[in-house]
Amino acid sequence: MTVNPKIAIVGAGLIGRAWAIVFARAGHPVAMTDIDADALARAHELIGARLADLREFGLIDEAPAQVLARITCERTLAAAVADAALVQENVRETLDAKRAIFAALDPLAPPRCVLASSTSWIPASQYTEALAGRGRAMVAHPTNPPYLIPLVELCPAPWTDPDALARARALYAGARQEPVTLSREIHGFLLNRVQGAVLNECFSLYTQGLASAEDIDKVLKEGLALRWSFMGPFETIDLNAPRGVADYAARYGASNTALARAHVPFEWDDETIRRIEAERRAALPADRLEARAAWRDRRLMALLAHKRDAARL
Ligand SMILES: NC(=O)c1ccc[n+]([C@@H]2O[C@H](COP(=O)([O-])OP(=O)(O)OC[C@H]3O[C@@H](n4cnc5c(N)ncnc54)[C@H](O)[C@@H]3O)[C@@H](O)[C@H]2O)c1
């Protein structure tokens, strides 16, 4: 029987706790740490509640208590990373915070231990260049929450060792994630660039007065995103013309080029944000945001359970 190696989770906030579920669910011993003792103290209870939901939808095979028992909380960074095969870093999204935590991690983690940041935007080269062990450092950007959305973007720095990248890929894939690997660093990696393109166009259409925020949301949830939950845009257009993607390009390529050239950039100005905020708060008061996030997660669980069953079709 293979023994699952230990995983260290640094930062027990929203994403750190979610990563703990991913690895503990896959059978790994997980050690979490956080500089905030209260955050660490609350982690087990918050994780336990999520595990109960996952069990209800058949998305974990064991009793929640069995999964929870694999997650320990450590008061020091040294204890958390000792003997770990992977450190998943989840501290605040600032360059200073990333620099400080990677400088602390590098001398403490075992030599073959992968050091991976969950950063959404900041390439690893900006905080790993001076590290003695910089060859094992990289970005592994999850999608919130990673125990429901399996995509993880692996983005190496120019000096990341291909062997460390391969070890990381195997660990994420083994924990039921879907890793994708970038060939080089780029601001926003892949997911935030694609999401940004969609967001910028949605805001632009809104500022041009073409439709309400509610109707623009419907274009995705009642239209494009239904297909996108099980196929990507390239796969989609391959079926939107009788002879595939080249046929699609021949029919609609020029129209899409014209769209790109005529794009009206959106500058994220305060006035537009204020109007969208007012429309959203009228639909969803601020005191219901947390309950709505829990509703979203349960909808995602139902969708995942359906996708698992539909995979047999
Ligand atoms: N929230 C998201 O949707 C999302 C999605 C993908 C990636 N990320 C990335 O994940 C990272 C964490 O985001 P989050 O939303 O979990 O933030 P969060 O504020 O919920 O959690 C951050 C935690 O890190 C702890 N921390 C800060 N400095 C520390 C240190 N030196 N050592 C140990 N713990 C420390 C804090 O006490 C806090 O508990 C960020 O880089 C963010 O960009 C977030």
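Please read all numbers here as calculations on a predicted model, not as lab measurements. (Residues numbered from 1 in each chain as written. Predicted model: local features only at pLDDT ≥ 70, side-chain atom pairs only at ≥ 80, totals over all residues. Heavy atoms only, no water.)

So, about the site of the ligand. As a matter of local geometry, the ligand sits amid 20 residues, with Ile15, Asp34, Glu93, Lys98 and Ser120 nearest to it. Interatomic distance of 3.4 Å between a backbone N/O atom of Val91 and an oxygen atom of the ligand. Alone, the ligand offers 830 Å² of accessible surface; in the complex the protein occludes 74% of this. At the level of elements, helix H1 (14-25), helix H5 (95-108) and strand S6 (137-142) are the ones that each hand at least two residues to the shell around the ligand. The residue makeup of the shell around the ligand, split by class, is eight nonpolar, eight polar and four charged. (Near = heavy atom within 4 Å. Polar contact = N/O pair within 3.5 Å; in protein donor to acceptor, adjacent residues only side chain to side chain. Areas by Shrake-Rupley, 256 points an atom, 1.4 Å probe, with all protein chains shown as cover. Helix = DSSP H or I, 4+ residues; strand = E, 2+ residues; numbered from the N terminus. Nonpolar A, V, L, I, M, F, W, Y, C, P; charged D, E, K, R; others polar.)

Okay, the environment of Glu45 next. Checked against the element boundaries, Glu45 lands in helix H2 (residues 37-56). With a relative accessible area of 66%, Glu45 lands in the exposed category. Separated by 23 residues in the primary sequence, Glu45 and Leu68 place their C-alpha atoms 9.4 Å from one another. (Buried < 20%, exposed > 50% of the residue type's maximum accessible area, 1.4 Å probe, protein only.)

The general pattern is negative phi for most residues beyond glycine and trans for most peptide bonds. Note that the residue after Asn144, namely Pro145, is joined by a cis bond; omega there is -10°. Take Pro145: it is sitting in the loop between S6 and strand S7 (151-156). Here Phe189, not a glycine, exhibits a phi torsion of approximately 50°, which is positive. Within the secondary structure, Phe189 is located in the loop between strand S8 (178-181) and helix H8 (191-207).

Before going further, it helps to spend a moment on the domain arrangement of the protein. Once the domains are mapped, the protein shows domain 1 (6-181) and domain 2 (199-310). Domain 1 and domain 2 are separated by 29 Å when their C-alpha centres are compared. Buried surface at the junction of domain 1 and domain 2, both sides included, amounts to about 940 Å², of which 64% is carbon and sulfur. Linking domain 1 with domain 2 are two salt bridges, by the criterion used here. (Domains from an automatic or database assignment. Buried area = accessible area lost by both parts, 1.4 Å probe. Salt bridge = Lys/Arg side-chain N within 4 Å of Asp/Glu carboxyl O.)

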